[in-house]
Amino acid sequence: MEMTTDGGHETWMEQAFREAEKALAKGEVPVGAVVVYEGRVIGRGHNLVETLQDPTAHAEMLALTAAANALASWRLNDAVLYVTLEPCPMCMGAVLLARVARLVYGARDARYGACGSIVDLAACKELNTGIDIVGGVMAARSSSLLRDFFAARRTRAAPGPESDVQHPAPERCESG
């Protein structure tokens, strides 16, 4: 995996950030993605997990679906996916299955990253992917956006001094 901070990918990553801002405006985790093919965006997506109550409604999944619809083919050969955050295993699996030629992402994901942070699905020789991965493009901006989002969420979720709500202890699960 190549780590870069050069300007070669920034134009397209800006488009992904516009999608992330749409997610943020909806109260979603601010991740955005675009699929570029032959010099134009053919698929866009931003997280809609909460909005749709769908665990698969990640930015990458929605952008890949839109791109497949645009090309009338699930094979996205020669396409480049730009995403503001390192894909999770589900999304990386979809990227590999779609045969995307290159993945460019911003920040690493220390919890679910599937491009080397936790697992590296592209490195699995049995998958025979041949995908080119470029990480770290505009990573500081992506990290800051995510950090600010989660800090604000924690602040809103923190009970105030007037809160005396008692939460019951979780019940134990007993196996049969």
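Residues numbered from 1 in each chain as written. Predicted model: local features only at pLDDT ≥ 70, side-chain atom pairs only at ≥ 80, totals over all residues. Heavy atoms only, no water.

Enquirer: So what exactly am I meant to see when it comes to the confidence of the model for the protein chain here?
Expert: Should the pLDDT be low somewhere, the predicted coordinates at that spot are not to be read in detail. In the predicted model, the protein chain carries a mean pLDDT of 88, and the fraction of residues at 70 or more is 85%. With pLDDT under 50 throughout, residues 1–7 is counted as low confidence; its partners more than four residues away or in other chains account for 17 contacts. (pLDDT = per-residue confidence, 0-100. Contact = heavy atoms within 4.5 Å.)

Enquirer: What should I look at first to understand the nonpolar core in this one?
Expert: One recurring pattern in soluble globular proteins: nonpolar side chains tend to sit buried together. Ranked by internal contacts, the top residues of the largest apolar core, which has 29 residues, are Val35, Leu81, Met92, Val100, Leu103, Ile131 and Ile133. Listed by contribution, the elements that provide at least two residues to this core are strand 2 (32–37), helix 3 (59–71), strand 4 (80–85), helix 4 (89–97) and strand 5 (102–107). Every residue in contact with valine 100, bar those within four places of it in the chain, is listed here: Leu64, Leu76, Ala79, Val80, Leu81, Val95 and Ile131. In this structure, Met13, Ala20, Val36 and Val104 belong to the second largest nonpolar core, which totals 13 residues. (Core = buried A, V, L, I, M, F, W, Y, C linked by side-chain atoms within 4.5 Å. Buried < 20%, exposed > 50% of the residue type's maximum accessible area, 1.4 Å probe, protein only. Helix = DSSP H or I, 4+ residues; strand = E, 2+ residues; numbered from the N terminus.)

Enquirer: Looking at this structure, how should I read the packing of aromatic side chains?
Expert: Any aromatic ring pair is given by two values, namely how distant the centres are and how the planes are angled relative to each other. With the rule as written, the count across this model stands at 1 aromatic pair. Seen in terms of ring centroids, phenylalanine 149 and phenylalanine 150 are 5.0 Å apart; in terms of plane orientation they differ by 80°. Their pairing is edge-to-face. Overall, the relative accessible area of 7% leaves phenylalanine 149 in the buried class. Above the plane of the ring of phenylalanine 17 lies arginine 141, whose end atom (NZ or CZ) is 4.1 Å from the centre. (Phe/Tyr/Trp six-rings, centres within 6.5 Å; stacked < 30°, edge-to-face > 60°. Lys NZ or Arg CZ within 6 Å of the ring centre and 35° of its normal.)

Enquirer: Can you help me understand the environment of serine 143 in this one?
Expert: Mapped onto the fold, serine 143 is located in helix 5 (residues 139–157). Residues serine 143 and glycine 106, spaced 37 residues apart in sequence, show a C-alpha to C-alpha distance of 8.1 Å.

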